[in-house]
Amino acid sequence: MKNMDNHQVQLPKANILVVDDTPDNLRLLSAMLTQVGYEIRRVINGSTALKTAQAAPPDLILLDIMMPEMNGYEVCQHLKASEKTRDIPVIFISALDEVFDKVKAFAVGGVDYITKPFSEEEVFARVENNLTIRKLQKQLTEQNVLLQQEISDRQKAESALPLSQFYLDRFKDPIFFVNLNAQLVYVNKAACHILGYSREQLLTMTVHDIDPNFPAETWHSQWQELREKDSSSFESIHRTQDGRNLHVKITFSHLEFKDQQYLCTSAYYSNPIRLG
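Residues numbered from 1 in each chain as written. Predicted model: local features only at pLDDT ≥ 70, side-chain atom pairs only at ≥ 80, totals over all residues. Heavy atoms only, no water.

Undergrad: Tell me about the overall build of the protein chain, residues and numbers included.
TA: Regarding its fold elements, the protein chain presents ten helices and ten strands. By residue count, 47% of the 276 residues in the protein chain fall in the buried class. Taking contacts inside the protein chain between residues at least 6 apart in sequence as the whole, the part at least 24 apart equals 52%. Approximately 15600 Å² of the protein chain is accessible, and the part contributed by carbon and sulfur atoms is 51%. (Helix = DSSP H or I, 4+ residues; strand = E, 2+ residues; numbered from the N terminus. Buried < 20%, exposed > 50% of the residue type's maximum accessible area, 1.4 Å probe, protein only. Contact = heavy atoms within 4.5 Å. Areas by Shrake-Rupley, 256 points an atom, 1.4 Å probe, with all protein chains shown as cover.)

Undergrad: Go over empty space enclosed by the protein, please, and point to the residues and values.
TA: Picture a little ball the size of a water molecule; that probe, rolled over the atoms, points out where space is still empty. Using the criterion set out here, one finds two cavities of 30 Å³ or more in the structure. Its boundaries defined by the atoms lining it, the largest cavity holds a volume of some 180 Å³. Breaking the lining of the largest cavity down by element, the ones donating at least two residues are strand S6 (175-179), helix H9 (207-210), helix H10 (219-229), strand S8 (231-239), strand S9 (245-257) and strand S10 (260-269). A breakdown of the residues in the lining of the largest cavity according to their chemical character gives twelve nonpolar, two polar and one charged. As for the second largest cavity, its lining consists of Leu-136, Gln-137, Leu-140, Thr-251, Phe-252, Ser-253, Cys-264, Thr-265 and Ser-266. For the lining of the second largest cavity, the per-class residue count stands at four nonpolar, five polar and no charged. (1 Å grid on protein atoms, 1.4 Å probe; cavity = no way out; pocket = protein on both sides within 12 Å on 5 of 7 lines; lining within 4 Å. Points joined across faces, edges and corners; volume = space filled by probe spheres on them. Nonpolar A, V, L, I, M, F, W, Y, C, P; charged D, E, K, R; others polar.)

Undergrad: Hey, could you go over the environment of Pro-89 for me, with residue numbers and the actual values?
TA: Secondary-structure assignment places Pro-89 in the loop between helix H3 (72-81) and strand S4 (90-95). Considered as a pair, Pro-89 and Asp-112 are 23 residues apart in the sequence and their alpha carbons are 8.5 Å apart. Aside from chain neighbours lying at most four places away, what touches Pro-89 is Asp-59, Leu-60, Ile-61, Val-111, Asn-130 and Arg-134.

Undergrad: Any chance you could break down the pattern of salt bridges for me, citing the residues and the numbers?
TA: Scanning all chains against the criterion turns up ten salt bridges. A salt bridge links Asp-112 to Lys-249, with the shortest nitrogen-to-oxygen separation between them at 3.1 Å. With a gap of 137 residues between them, Asp-112 in strand S5 (residues 112-116) and Lys-249 in strand S9 connect regions that are remote in the sequence. The same class applies to Asp-112 as to Lys-249, namely buried. (Salt bridge = Lys/Arg side-chain N within 4 Å of Asp/Glu carboxyl O.)

Undergrad: Account for unusual backbone geometry, with residues named and values stated.
TA: A cis amide bond links Lys-116 with the next residue in sequence, Pro-117, at an omega value of 0°. Counting through the fold element by element, Pro-117 comes out in the loop between S5 and helix H5 (120-150). A positive phi angle, close to 75°, is found at Ala-182, a residue other than glycine. Along the polypeptide, Ala-182 turns up in the loop between S6 and strand S7 (184-187). By relative accessible area, Ala-182 is classed as buried at 0%.

Undergrad: Help me get a handle on the nonpolar core, residues and values and all.
TA: Residues Phe-176, Leu-184, Leu-202 and Tyr-269 are the most contacted members of the largest nonpolar core, which totals 26 residues. Taken together, the elements giving at least two residues each to this core come down to S6, S7, helix H7 (189-195), H9, H10, S9 and S10. Setting aside residues up to four positions removed in sequence, Leu-202 forms contacts with Leu-184, Val-187, Ala-191, Cys-192, Leu-195, Tyr-197 and Ile-210. Residues Val-43, Leu-63, Leu-79 and Phe-100 belong to the second largest nonpolar core, which totals 22 residues. (Core = buried A, V, L, I, M, F, W, Y, C linked by side-chain atoms within 4.5 Å.)

Quick look at the structure:
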(Lines give C-alpha, C1' and ligand atoms only; values in the text may rest on other atoms or scores of the structure.)
Protein backbone atom coordinates (compact mmCIF):
# COMPACT_ATOMS: atom_id res chain seq x y z
CA MET A 1 0.00 0.00 0.00
CA LYS A 2 1.35 3.39 -1.02
CA ASN A 3 2.40 5.67 1.86
CA MET A 4 0.32 8.82 1.42
CA ASP A 5 2.19 10.84 4.03
CA ASN A 6 5.89 10.46 4.83
CA HIS A 7 5.57 12.62 7.94
CA GLN A 8 4.18 10.94 11.02
CA VAL A 9 2.29 13.11 13.49
CA GLN A 10 4.23 13.34 16.76
CA LEU A 11 1.91 13.50 19.76
CA PRO A 12 3.04 15.72 22.67
CA LYS A 13 4.73 13.92 25.57
CA ALA A 14 2.37 15.54 28.07
CA ASN A 15 0.14 18.55 28.61
CA ILE A 16 1.52 21.05 31.14
CA LEU A 17 -0.26 24.06 32.62
CA VAL A 18 2.11 26.90 33.59
CA VAL A 19 0.76 29.47 36.06
CA ASP A 20 2.74 32.67 36.66
CA ASP A 21 1.75 36.34 36.84
CA THR A 22 5.02 37.36 35.12
CA PRO A 23 4.72 37.11 31.30
CA ASP A 24 8.50 36.74 30.84
CA ASN A 25 8.50 33.65 33.08
CA LEU A 26 5.59 32.17 31.13
CA ARG A 27 7.36 32.71 27.82
CA LEU A 28 10.65 31.28 29.09
CA LEU A 29 9.16 28.12 30.60
CA SER A 30 6.91 27.64 27.59
CA ALA A 31 9.88 27.89 25.21
CA MET A 32 11.96 25.48 27.31
CA LEU A 33 9.32 22.80 27.54
CA THR A 34 7.89 23.14 24.03
CA GLN A 35 11.28 22.48 22.48
CA VAL A 36 11.43 19.04 24.13
CA GLY A 37 7.96 18.00 23.06
CA TYR A 38 5.53 19.10 25.78
CA GLU A 39 2.23 20.82 25.04
CA ILE A 40 2.05 24.01 27.12
CA ARG A 41 -0.90 26.10 28.27
CA ARG A 42 -0.19 29.41 30.00
CA VAL A 43 -2.28 31.44 32.46
CA ILE A 44 -1.41 34.51 34.54
CA ASN A 45 -3.45 34.07 37.73
CA GLY A 46 -4.86 31.51 40.12
CA SER A 47 -8.55 31.80 39.32
CA THR A 48 -7.94 31.28 35.61
CA ALA A 49 -5.69 28.33 36.44
CA LEU A 50 -8.48 26.64 38.40
CA LYS A 51 -11.00 27.15 35.59
CA THR A 52 -8.53 25.88 32.98
CA ALA A 53 -7.62 22.80 35.01
CA GLN A 54 -11.29 21.96 35.59
CA ALA A 55 -12.20 22.39 31.93
CA ALA A 56 -9.35 20.21 30.62
CA PRO A 57 -7.13 18.70 33.35
CA PRO A 58 -3.41 18.83 32.43
CA ASP A 59 -0.89 16.09 33.18
CA LEU A 60 1.16 18.43 35.39
CA ILE A 61 1.01 22.01 36.72
CA LEU A 62 3.91 24.43 37.24
CA LEU A 63 2.58 26.92 39.79
CA ASP A 64 4.15 30.18 40.92
CA ILE A 65 3.83 30.81 44.66
CA MET A 66 3.90 34.62 44.82
CA MET A 67 0.86 35.84 42.87
CA PRO A 68 -1.64 38.61 43.70
CA GLU A 69 -5.22 37.86 44.83
CA MET A 70 -4.66 34.09 45.12
CA ASN A 71 -1.18 32.71 45.86
CA GLY A 72 0.13 29.33 44.78
CA TYR A 73 -0.58 27.63 48.11
CA GLU A 74 -4.25 28.62 47.87
CA VAL A 75 -4.50 27.51 44.25
CA CYS A 76 -3.00 24.14 45.14
CA GLN A 77 -5.45 23.69 48.02
CA HIS A 78 -8.37 24.30 45.65
CA LEU A 79 -6.92 21.83 43.14
CA LYS A 80 -6.55 19.13 45.78
CA ALA A 81 -10.09 19.72 47.06
CA SER A 82 -11.59 18.85 43.67
CA GLU A 83 -12.01 15.23 42.64
CA LYS A 84 -11.31 16.19 39.03
CA THR A 85 -7.95 17.85 39.70
CA ARG A 86 -6.67 16.44 43.00
CA ASP A 87 -4.36 13.88 41.41
CA ILE A 88 -2.58 16.34 39.09
CA PRO A 89 1.07 16.75 40.22
CA VAL A 90 1.85 20.35 41.21
CA ILE A 91 5.42 21.68 41.05
CA PHE A 92 5.81 25.02 42.80
CA ILE A 93 7.88 27.87 41.35
CA SER A 94 9.79 30.13 43.74
CA ALA A 95 12.49 32.78 43.30
CA LEU A 96 15.72 32.31 45.24
CA ASP A 97 15.12 35.57 47.14
CA GLU A 98 11.53 34.69 48.11
CA VAL A 99 10.50 33.13 51.41
CA PHE A 100 9.56 29.56 50.45
CA ASP A 101 7.92 27.31 53.05
CA LYS A 102 8.76 23.77 51.88
CA VAL A 103 6.73 22.17 54.66
CA LYS A 104 3.65 24.16 53.65
CA ALA A 105 4.24 23.43 49.97
CA PHE A 106 4.18 19.67 50.56
CA ALA A 107 1.38 19.94 53.13
CA VAL A 108 -1.03 21.56 50.64
CA GLY A 109 -0.28 18.86 48.07
CA GLY A 110 2.76 19.97 46.07
CA VAL A 111 5.10 17.24 44.90
CA ASP A 112 8.21 19.26 44.04
CA TYR A 113 9.57 22.76 43.41
CA ILE A 114 11.89 24.65 41.06
CA THR A 115 13.61 27.98 41.63
CA LYS A 116 14.03 31.11 39.55
CA PRO A 117 16.20 31.94 37.66
CA PHE A 118 15.41 28.73 35.79
CA SER A 119 17.99 26.08 34.96
CA GLU A 120 16.95 24.03 31.94
CA GLU A 121 18.49 20.89 33.41
CA GLU A 122 16.59 21.29 36.69
CA VAL A 123 13.29 22.10 34.97
CA PHE A 124 13.55 19.13 32.58
CA ALA A 125 14.62 16.72 35.33
CA ARG A 126 11.89 17.65 37.80
CA VAL A 127 9.14 17.76 35.17
CA GLU A 128 10.11 14.42 33.65
CA ASN A 129 10.56 12.72 37.02
CA ASN A 130 7.16 13.79 38.37
CA LEU A 131 5.38 12.94 35.13
CA THR A 132 6.98 9.49 35.26
CA ILE A 133 5.93 9.00 38.89
CA ARG A 134 2.37 10.05 38.07
CA LYS A 135 2.28 7.71 35.07
CA LEU A 136 3.40 4.82 37.25
CA GLN A 137 0.82 5.64 39.90
CA LYS A 138 -1.95 5.70 37.30
CA GLN A 139 -0.77 2.43 35.78
CA LEU A 140 -0.60 0.76 39.18
CA THR A 141 -4.03 2.07 40.16
CA GLU A 142 -5.53 0.93 36.87
CA GLN A 143 -3.84 -2.44 37.23
CA ASN A 144 -5.18 -2.81 40.77
CA VAL A 145 -8.73 -2.01 39.63
CA LEU A 146 -8.47 -4.48 36.78
CA LEU A 147 -7.12 -7.16 39.08
CA GLN A 148 -9.95 -6.67 41.56
CA GLN A 149 -12.58 -6.62 38.83
CA GLU A 150 -11.33 -9.32 36.50
CA ILE A 151 -9.29 -11.81 38.53
CA SER A 152 -11.78 -14.19 40.06
CA ASP A 153 -9.44 -16.83 41.44
CA ARG A 154 -5.94 -17.22 42.83
CA GLN A 155 -4.57 -18.95 39.75
CA LYS A 156 -5.33 -15.95 37.52
CA ALA A 157 -3.89 -13.56 40.08
CA GLU A 158 -0.67 -15.55 40.34
CA SER A 159 -0.33 -15.68 36.56
CA ALA A 160 -0.44 -11.87 36.42
CA LEU A 161 2.26 -11.30 39.06
CA PRO A 162 5.29 -12.25 36.93
CA LEU A 163 4.20 -9.73 34.30
CA SER A 164 3.85 -7.02 36.94
CA GLN A 165 7.29 -7.82 38.34
CA PHE A 166 8.80 -7.83 34.85
CA TYR A 167 7.39 -4.35 34.21
CA LEU A 168 8.43 -2.87 37.58
CA ASP A 169 11.93 -4.35 37.30
CA ARG A 170 12.44 -2.41 34.10
CA PHE A 171 11.44 0.88 35.73
CA LYS A 172 14.43 3.16 36.40
CA ASP A 173 13.26 4.51 39.78
CA PRO A 174 13.26 2.38 42.97
CA ILE A 175 9.87 0.85 43.82
CA PHE A 176 8.89 -0.59 47.22
CA PHE A 177 5.68 -2.31 48.32
CA VAL A 178 5.19 -2.23 52.10
CA ASN A 179 2.53 -4.05 54.11
CA LEU A 180 0.76 -3.08 57.34
CA ASN A 181 3.53 -4.68 59.42
CA ALA A 182 6.23 -2.54 57.75
CA GLN A 183 7.59 -5.55 55.85
CA LEU A 184 9.02 -5.01 52.37
CA VAL A 185 6.91 -7.37 50.24
CA TYR A 186 8.24 -6.24 46.85
CA VAL A 187 11.29 -4.29 45.65
CA ASN A 188 12.46 -3.78 42.09
CA LYS A 189 16.01 -4.04 40.74
CA ALA A 190 16.61 -0.28 40.97
CA ALA A 191 15.90 -0.36 44.72
CA CYS A 192 18.34 -3.23 45.21
CA HIS A 193 21.04 -1.49 43.17
CA ILE A 194 20.85 1.84 44.99
CA LEU A 195 20.60 0.42 48.53
CA GLY A 196 23.22 -2.26 47.90
CA TYR A 197 21.13 -5.25 49.01
CA SER A 198 19.96 -8.27 47.08
CA ARG A 199 16.23 -8.71 46.56
CA GLU A 200 16.29 -11.71 48.90
CA GLN A 201 17.87 -9.60 51.65
CA LEU A 202 15.42 -6.71 51.31
CA LEU A 203 12.41 -9.03 51.38
CA THR A 204 13.48 -10.20 54.86
CA MET A 205 13.70 -6.59 56.09
CA THR A 206 11.29 -3.91 57.26
CA VAL A 207 10.97 -0.19 56.65
CA HIS A 208 12.71 0.40 59.99
CA ASP A 209 15.87 -1.26 58.65
CA ILE A 210 16.34 1.25 55.82
CA ASP A 211 14.56 4.42 57.03
CA PRO A 212 15.49 5.81 60.48
CA ASN A 213 12.51 8.20 60.33
CA PHE A 214 10.10 5.25 60.63
CA PRO A 215 11.08 3.41 63.84
CA ALA A 216 9.13 0.34 64.94
CA GLU A 217 7.64 2.02 68.01
CA THR A 218 5.84 4.71 65.97
CA TRP A 219 5.15 2.73 62.79
CA HIS A 220 1.43 2.08 63.28
CA SER A 221 0.62 5.73 64.00
CA GLN A 222 2.72 6.81 60.99
CA TRP A 223 1.00 4.20 58.82
CA GLN A 224 -2.39 5.60 59.82
CA GLU A 225 -1.30 9.13 58.91
CA LEU A 226 -0.15 7.95 55.50
CA ARG A 227 -3.31 5.89 55.07
CA GLU A 228 -5.51 8.95 55.67
CA LYS A 229 -3.63 10.93 53.01
CA ASP A 230 -4.16 8.08 50.49
CA SER A 231 -1.42 9.43 48.23
CA SER A 232 1.21 12.14 48.68
CA SER A 233 4.95 12.85 48.91
CA PHE A 234 7.43 13.44 51.70
CA GLU A 235 11.19 13.65 52.24
CA SER A 236 13.20 11.19 54.32
CA ILE A 237 16.50 9.31 54.55
CA HIS A 238 17.40 5.82 53.35
CA ARG A 239 20.37 3.94 54.75
CA THR A 240 22.39 1.77 52.37
CA GLN A 241 23.99 -1.57 53.18
CA ASP A 242 27.41 0.09 53.52
CA GLY A 243 26.08 2.65 56.03
CA ARG A 244 25.63 5.71 53.83
CA ASN A 245 22.57 7.95 54.25
CA LEU A 246 20.78 9.00 51.06
CA HIS A 247 18.32 11.88 50.99
CA VAL A 248 15.14 10.69 49.32
CA LYS A 249 11.78 12.05 48.22
CA ILE A 250 9.12 9.36 48.51
CA THR A 251 5.85 9.37 46.61
CA PHE A 252 3.32 6.85 47.81
CA SER A 253 -0.15 5.50 47.13
CA HIS A 254 -2.28 3.36 49.39
CA LEU A 255 -3.58 0.16 47.79
CA GLU A 256 -5.93 -2.56 48.97
CA PHE A 257 -5.80 -5.99 47.34
CA LYS A 258 -7.58 -9.13 48.53
CA ASP A 259 -8.37 -7.49 51.89
CA GLN A 260 -4.71 -6.62 52.45
CA GLN A 261 -3.35 -3.05 52.71
CA TYR A 262 -0.15 -1.89 51.07
CA LEU A 263 1.82 1.27 50.49
CA CYS A 264 3.19 1.44 46.97
CA THR A 265 6.14 3.84 47.05
CA SER A 266 8.52 5.22 44.47
CA ALA A 267 11.77 6.86 45.59
CA TYR A 268 13.74 9.73 44.05
CA TYR A 269 17.22 10.18 45.49
CA SER A 270 18.90 13.59 45.40
CA ASN A 271 22.30 11.86 45.36
CA PRO A 272 21.48 8.84 43.17
CA ILE A 273 23.75 6.01 42.08
CA ARG A 274 23.63 5.55 38.33
CA LEU A 275 22.61 2.17 37.05
CA GLY A 276 25.31 0.36 35.15
